[in-house]
Amino acid sequence: MRFADFLARLITGHRGWIVVFLLAMTALSAYGFFSRRTPAMDTENNRSQVDNSQLRSEDTDYGFSAVDCLIVVEIDDLYSRDTVVSLRRMVDRLEQLPYIATVIWADRVPMLNMFGLAEPLFPPPDASAGRFRAARQRAEAHPLVHGQLISADASTLLMPVTFDWVHVKDDEDCTVELLRVAREAVADQADIRVRITGRVPLYVGYQQALDHNQMKYFAISFGLIVVLAMILFRGIKAVLIVTAAPILGVCWTLGIVNLMDALSNPLTAVVLPVLLSMVGLTDGIHIMVHIRRRRAEGMEPLPAARSAIEEVGLACALTSLTTAVGFASLMLASNNFVSEFGQSCAIGVGITFMAVVTVIPLLCSTWIGKNIHLGQELDLIGRGMRHAGGFMDFVLRWSRPVTIGGILVTLLFASTLFTLRPDELTSDGQPEDSEVYQALAHCDRTFGGIGFAQAIIKWDDSVDSQSPQILEAIADVEQIIADESLLNYPLSLHDLLGAFPQQGDDPARQMTFISLLPPPIRNAFYSKVKQESVVTMRIQDLGIAKYQPVFQRVTEQLSRLENSHPGFTFNLAGEPVRRSKVIYQIVIDLVRSLGTAAVIIFIVLTLVYRSLRLGLLTIIPNMFPLMFTGAVLAVTGQPLNVAAVCSFTVCLGIAVDDTIHFLTRYQVERRNGHGVEESLRRSFTTVGTVLVTTTLILVAGFSTVLFSDLAGHRAFALMAVCTIASALVGDLLLLPAMLNWFRGKEDEGRRQDLDVTD
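Below is a summary of the structure that appears in this document.

Conventions we followed
Residues numbered from 1 in each chain as written. Predicted model: local features only at pLDDT ≥ 70, side-chain atom pairs only at ≥ 80, totals over all residues. Heavy atoms only, no water. Helix = DSSP H or I, 4+ residues; strand = E, 2+ residues; numbered from the N terminus. Buried < 20%, exposed > 50% of the residue type's maximum accessible area, 1.4 Å probe, protein only. Contact = heavy atoms within 4.5 Å. Areas by Shrake-Rupley, 256 points an atom, 1.4 Å probe, with all protein chains shown as cover. Core = buried A, V, L, I, M, F, W, Y, C linked by side-chain atoms within 4.5 Å. Pairing = 2+ DSSP bridges. Axes fitted to C-alpha atoms, helices over the stretch in contact; angles between N-to-C directions. Bend = angle between axes of the 7 residues up to and from the residue. Salt bridge = Lys/Arg side-chain N within 4 Å of Asp/Glu carboxyl O. Phe/Tyr/Trp six-rings, centres within 6.5 Å; stacked < 30°, edge-to-face > 60°. Parallel < 35°, antiparallel > 145°, perpendicular 65-115°, else oblique. Nonpolar A, V, L, I, M, F, W, Y, C, P; charged D, E, K, R; others polar. Patch = residues over 30% accessible without salt bridge, like charges linked within 9 Å, V, L, I, M, F, W, Y side chains within 5 Å.

A few words on the overall build of the protein. From N to C terminus, the protein includes 28 helices and nine strands. When burial is assessed residue by residue, the protein has 55% of its 758 residues classed as buried. Nonlocal contacts in the protein, meaning residues at least 24 apart in sequence, comprise 79% of its contacts between residues at least 6 apart. Carbon and sulfur atoms provide 59% of the accessible area of the protein, an area that totals close to 31,900 Å².

In structure tokens form, the structure reads like this:
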């Protein structure tokens, strides 16, 4: 308690300096927040998050893997004069926009002929209807058009677009304005429907949906929390003081973290404010309830504030320490994304603790908190807990079966975790009713996806650059891809050369036509200088969990090809492949860090409480809510994505916080001379009141996010609600039962003496 005594004297005995400290922190955070533009405010920074090394390609990309945007045109009758005229007009108007670099569409794709003649796919406007219908045969025979730019049923046309970023002034240029120009150009054709999707629209849509949902549900959740807190506390001053402290802590953290450029990490920007609000609010309610009780007992404001810090401050410091340790363990991850997130959260937890432990006692010891205790006697939860003695009698009487049952149920829930797999879907970051998402889903159905993976085929100097062995190797790779139902429309040099008429299936003869390929097309699939060829394939937005085994099988089969093709190497590449590896590694890092954090927290609690027994007894109550939440994820079929594993880390902090507050109060009661059972009853009444209050408030707040139109937000809210609610069960049911059953030797001796006396 020496630390708590020192902290109490420092805060209540030097209030002037504390005010100076608060002002200095506020000024520093304000400087950090406004001196650097945050990602949500910086449009150019948002765009730079997309892979600019690929976005700024100066050559027409007929591999279609590095385009910025896809214009999706749904058409009832593509091969008609009026449709083609309208589409040509739309392309002309789009190309007049200063920020449009290239527009690829079927009419501009070079024809593959032996004479190298450039001719459009569609005939001129004055051509006969028969010639327009004949264009369908030419489109179906062109490997760059059929299944790539025009769907197999000719109902959908894709127009890949790349932007000239120098002239892009706003995100709406790449979305709203682009779509407006395209739709106006074909407004005379009612059977032409235009939407957009692709990398940039999806990213912009995600950012807009994220900002909208964050503001909307933060306002709803905060409003609900304030209203519910007023009902439970029966005092508006107490509610305002309790909520002001964590809000100030969040603001301080965001400003200071922004000075470190860490807010560019979207995980930090989304999870950090939620985490700090929860931790700060929980500790703040514990301090406020103690102050109100002391004030209701007749204690003056300043001594009441000092008493709260002395008796609750240590528990709050421990909760902050263990939570910070948990997040600091993420800094050991190999991925910078995760490491930065852990560092920011660890710093934020410490800053929020300083805000809560200074602001609440300071305000309560001034004229603002003069009547802070009014309404204390009307506390609904407190009165309910005082009349809930029968529950604790049941726990104490049946401690052994409750403990055994808790352990078995925890192990049962833990067994379901093995069914969880890392996963991520692009659509999780999009509202399901958005046009960008609908266009993405449509492309998945009609084109087999808008994501692209590539099989890279390289050869050494022993292989001639026009050797038929190259086509033989490509053909074998295409066969591997064709055997996988989730990999669609492979496209390669083999397909392009095969489109030339009257050249047969002889690889040696086919390679002689390579010089006839238009350079932009040839360069997209073949490089004599790099000694490589590329086979592209389309990927649907089904999640990495479905594609991980597919990529693994293809990679293994490509490796085996090297035995039958000496001088060649085969690799699988592309954004979906890279992303699956990154996401998998991030999730593994987070899981490993979560385990490390749990071990470190156990060691910290053992050292602080100077008891291995108490340290061991905290394991099951803290693991129970995590295992329960994991079981809910498994039963509901939720993926184990980055947000989910980060939620586990947040959940561990919540569970440990409640355990620390209960255990600290229990030890205080034991030092005051009370027996084990009486100490548990007193802790249940005092700390249990706060735990129930914080649980109701936090569950109500997070429940509103369950109605979000973003799947990621709904999953995060579901996990938070499950963990917070189940943590209450762990700390008010399992922990008292285990403390009562596994007593220390001294306590066991006392119980036996009492039994003999009786």
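If you look at the biggest cluster of nonpolar residues, it comprises 91 residues, and the most contacted ones within it are Met90, Ile150 and Phe163. Looking at this core, the element that brings in the most residues is helix H17 (residues 468-482), giving seven residues. Among residues more than four places away in sequence, those in contact with isoleucine 150 are Leu78, Tyr79, Ala106, Leu121, Ala139, Val145, Thr156, Leu157 and Phe447. Grouped together as the second largest cluster of nonpolar side chains are 69 residues, Leu272, Leu276, Leu396 and Ala737 included.

Read from one edge of the open sheet, four strands run E2-E3-E1-E4, paired in antiparallel fashion. Sheet topology places strand E2 (100-103) and strand E4 (192-197) at the edges, where each strand pairs with a single neighbour. Neighbour-to-neighbour, the strand axes of the sheet open up by a mean angle of 25°, direction not taken into account. As judged from the three bridges shared by E2 and strand E3 (residues 156-163), these two strands associate in the antiparallel manner. Each residue of the ladder has a partner; that of valine 103, found in E3, is valine 161. Where helix H5 (residues 81-96) meets the sheet, its contacts fall on strand E1 (69-75), E2, E3 and E4, and the angle it forms with E1 comes to roughly 160°.

Of all the bends in helix H11 (residues 301-328), the largest measures some 50° and sits at valine 312. For H11, the tally of buried residues reaches 20 of 28 residues, placing the bulk of the element in the interior.

What follows covers the side chain of glutamine 667. Tracing the backbone shows glutamine 667 in helix H25 (residues 642-671). Beyond its immediate stretch of four places on either side in the chain, glutamine 667 contacts Tyr609 and Leu614.

What follows concerns the pattern of salt bridges. All chains considered together, the criterion is met by 20 salt bridges. With a closest N to O distance of 3.1 Å, arginine 665 and glutamate 311 form a salt bridge. Note that arginine 665 is positioned in helix H25 and glutamate 311 in helix H11, a separation of 354 residues in sequence. Arginine 665 sits in the buried class, given a relative accessible area of 17%. Relative accessible area serves as the criterion here: at 24%, glutamate 311 is assigned to the partly exposed category. Glutamate 484 is the salt-bridge partner of arginine 553, the closest N and O atoms lying 2.8 Å from each other. Taken together, the residues arginine 553 in helix H21 (residues 544-564) and glutamate 484 in the loop between H17 and strand E6 (487-491) connect sequence positions 69 residues apart. Exposure remark for arginine 553: the relative accessible area of 38% places this residue in the partly exposed category.

Aromatic rings considered in pairs are described by the distance between their centres and by the relative angle of their planes. Counted by the stated rule, this structure contains 14 aromatic pairs. With centroids separated by 6.3 Å and ring planes inclined at 55°, the aromatic side chains of tyrosine 99 and phenylalanine 163 adopt a geometry described as tilted. Of this pair, tyrosine 99 sits in the loop between H5 and E2 while phenylalanine 163 sits in strand E3, placing them 64 residues apart in sequence. For tyrosine 99, a relative accessible area of 4% puts it in the buried group. Given the relative accessible area of 3%, phenylalanine 163 is considered buried. Taken together, a centroid distance of 6.5 Å and an interplanar angle of 20° make the contact between phenylalanine 624 and phenylalanine 628 stacked. Taken together, the residues phenylalanine 624 and phenylalanine 628, both in helix H24 (residues 619-636) and four residues apart, mark about one turn of the helix. Under the relative-accessibility criterion, phenylalanine 628 is labelled partly exposed at 27%.

Right, let's talk about the environment of glycine 498 for a bit. Note that glycine 498 resides in helix H18 (residues 493-498). Residues glycine 498 and methionine 511, 13 residues apart in the sequence, show an inter-C-alpha distance of 9.8 Å.

What follows deals with the packing of helix H26 (residues 676-703) against helix H27 (residues 711-741). Angle between the axes and distance between the axes are the two parameters that describe a pair of packed helices. Relative orientation of the contacting elements H26 and H27 amounts to 175°, with a least axis distance of 10 Å. If you check the angle between H26 and H27, you find them roughly antiparallel. Contacts between H26 and H27 involve Val676, Glu677, Leu680, Phe684, Gly688, Leu691, Val692, Thr695, Leu698, Val699, Phe702 and Ser703 from the former and Phe716, Ala717, Ala720, Val721, Ile724, Ala725, Leu728, Asp731, Leu732, Pro736, Leu739 and Asn740 from the latter. Of the residues contributing to the contact of H26 with H27, the split by class is 18 nonpolar, four polar and two charged.

Our focus in this paragraph is the environment of phenylalanine 341. Within the secondary structure, phenylalanine 341 is located in helix H12 (residues 336-364). The exposure class of phenylalanine 341 is buried, given its relative accessible area of 0%. Linking phenylalanine 341 and methionine 331, residues 10 residues apart in sequence, is a C-alpha distance of 7.9 Å.

On the surface, Met230, Ile236 and Leu240 cluster together into a nonpolar patch covering about 270 Å² of accessible area. Among the residues examined, methionine 230 registers a relative accessible area of 33% and is labelled partly exposed.

Moving on, we come to the pairing of E1. Counting buried positions over the seven residues of E1 gives seven, a clear majority of the element. Here E1 shows no split at all, with Cys69, Ile71, Val73 and Ile75 on one side and Leu70, Val72 and Glu74 on the other all buried. As judged from the six bridges shared by E1 and E3, these two strands associate in the antiparallel manner. Looking across to E3, one finds that leucine 70 is bridged to proline 160. Sheet analysis places E1 next to E4, joined by six bridges and oriented antiparallel. Opposite valine 73, over in E4, you have valine 194 as the bridge partner.

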